[in-house]
Amino acid sequence: MTACSAQPNDASASQAPSSPAASSEAAPSTQAESTPSTEASPSTKTSAPASETAAADEARLSLTKEKPRGVIADTDFKDVKATEQSGKLIVADGGCLHLKDKGEPTLLLLPEQAEVLNRQRPGVELDGTTHSVGQPVTITGELAELTETQEKAVQQCHPHGKVLQVQSMK
């Protein structure tokens with residue numbers, strides 16, 4: 001398995017084009033916190049079962065400021081080998097969004113165009129559709145493993161179980 005590698009997440013780093021989820025014009029609940037990190041060297045990558053891969057080789061991760069926290073990547077995950085997984089959208093470890101199916105909750109890595117909603121009924125807006133916490137969802141995406149640097153960037157979410165790169169939700 002190839003792991004995602006994180007890039008520095010500071011003002012001097014080159015930035016991907018602005019998205020609604022990271023724009024300064026977005027609601028405060030969707031602005032991501034800046035988490036300093038360093039580039040992961042190949043020696044920090046870990047291996048995992050062949051059933052898990054990470055196609056977003058240069059994904060930089062950040063957290064939204066308010067709960068529920070969303071882990072937002074600087075990519076859309078369109079190049080991953082996607083499968084569908086169904087479950088319930090929940091807020092779990094660290095107040096972060098997860099998918100609950102059988103077993104432990106799965107941390108969601110949301111694409112850059114996702115908007116985490118901190119309303120009376122929290123949830124995620126993706127591709128023009130709102131998905132509320134507590135409702136069943138079907139997610140198209142791929143299981144991934146985080147590098148040590150990425151784990152540190154999202155440590156508030158306790159990323160010790162499965163991680164799912166989200167392409168779409170329905």
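Residues numbered from 1 in each chain as written. Predicted model: local features only at pLDDT ≥ 70, side-chain atom pairs only at ≥ 80, totals over all residues. Heavy atoms only, no water.

Asker: Now, about the pattern of salt bridges: what can you tell me, with residues and values included?
Answerer: Opposite charge on two side chains makes pairing possible when the charged atoms of those side chains draw close. Under the definition given, this model contains two salt bridges. Here Arg60 makes a salt bridge to Asp74, at a shortest N to O gap of 3.5 Å. Pair noted here: Arg60 is in the loop between β1 (32-33) and β2 (61-64) and Asp74 is in the loop between β3 (71-73) and β4 (83-92), with a separation of 14 residues, a long-range link. On the accessibility criterion, Arg60 (8% relative accessible area) is buried. We note a salt bridge from Lys170 to Glu84, for which the minimum N-O separation is 3.1 Å. Remark: Glu84 occurs in strand β4 and Lys170 occurs in the segment after β11 (163-169); sequence separation between them is 86 residues. (Salt bridge = Lys/Arg side-chain N within 4 Å of Asp/Glu carboxyl O. Helix = DSSP H or I, 4+ residues; strand = E, 2+ residues; numbered from the N terminus. Buried < 20%, exposed > 50% of the residue type's maximum accessible area, 1.4 Å probe, protein only.)

Asker: So what's going on with the nonpolar core? Which residues, and what values?
Answerer: Nonpolar side chains tend to gather and get buried jointly when the protein is soluble and globular. Ranked by size, the top nonpolar core spans 17 residues in total, and within it Leu89, Leu108, Leu110, Val124, Ile139 and Met169 carry the most contacts. For this core, the elements supplying multiple residues, two or more each, are β5 (96-100), β6 (106-110), β8 (123-126), β10 (136-144) and β11. Once residues lying within four places of it in the same chain are set aside, the contact partners of Leu89 are Leu97, His98, Leu108, Gly123, Val124, His131, Ser132, Val133, Gly134, Gln135, Val137 and Met169. (Core = buried A, V, L, I, M, F, W, Y, C linked by side-chain atoms within 4.5 Å. Contact = heavy atoms within 4.5 Å.)

Asker: With reference to specific residues and values, describe the pairing of β2.
Answerer: As paired elements, β2 and β3 share three bridges and run antiparallel to each other. Within the sheet, the bridge partner assigned to Ser62 lies in β3 and is Ile72. Between β2 and β3, which pair antiparallel one after the other, the connecting turn spans six residues. (Pairing = 2+ DSSP bridges.)

Asker: Outline the pairing of β6, supporting the account with residue identities and numerical values.
Answerer: Here is the key point about a regular strand: its side chains alternate between the two faces of the sheet. Of all five residues in β6, five are buried; the element is thus mostly enclosed. Neither face of β6 is open: one carries Thr106, Leu108 and Leu110, the other Leu107 and Leu109, and all of them are buried. Pairing between β3 and β6: two bridges, direction parallel. Bridge assignment links Val71 to a residue of β6, and that residue is Leu109. Here β5 runs beside β6; their pairing, made up of two bridges, is antiparallel. Its bridge partner being in β6, Leu99 is matched across the sheet by Thr106. Taking the residues between adjacent antiparallel strands as the criterion, β5 and β6 are bridged by five residues, where Gly103 takes a positive phi near 85 degrees. Sheet topology places β6 next to β11; three bridges connect them, and they run parallel. The residue of β11 that forms the bridge with Leu107 is Val163.

Asker: Residue-level account of the environment of Ala92, with values.
Answerer: Assignment of secondary structure puts Ala92 in strand β4. Along the primary structure Ala92 and Leu107 are separated by 15 residues, whereas in three dimensions their C-alpha atoms are 8.5 Å apart.

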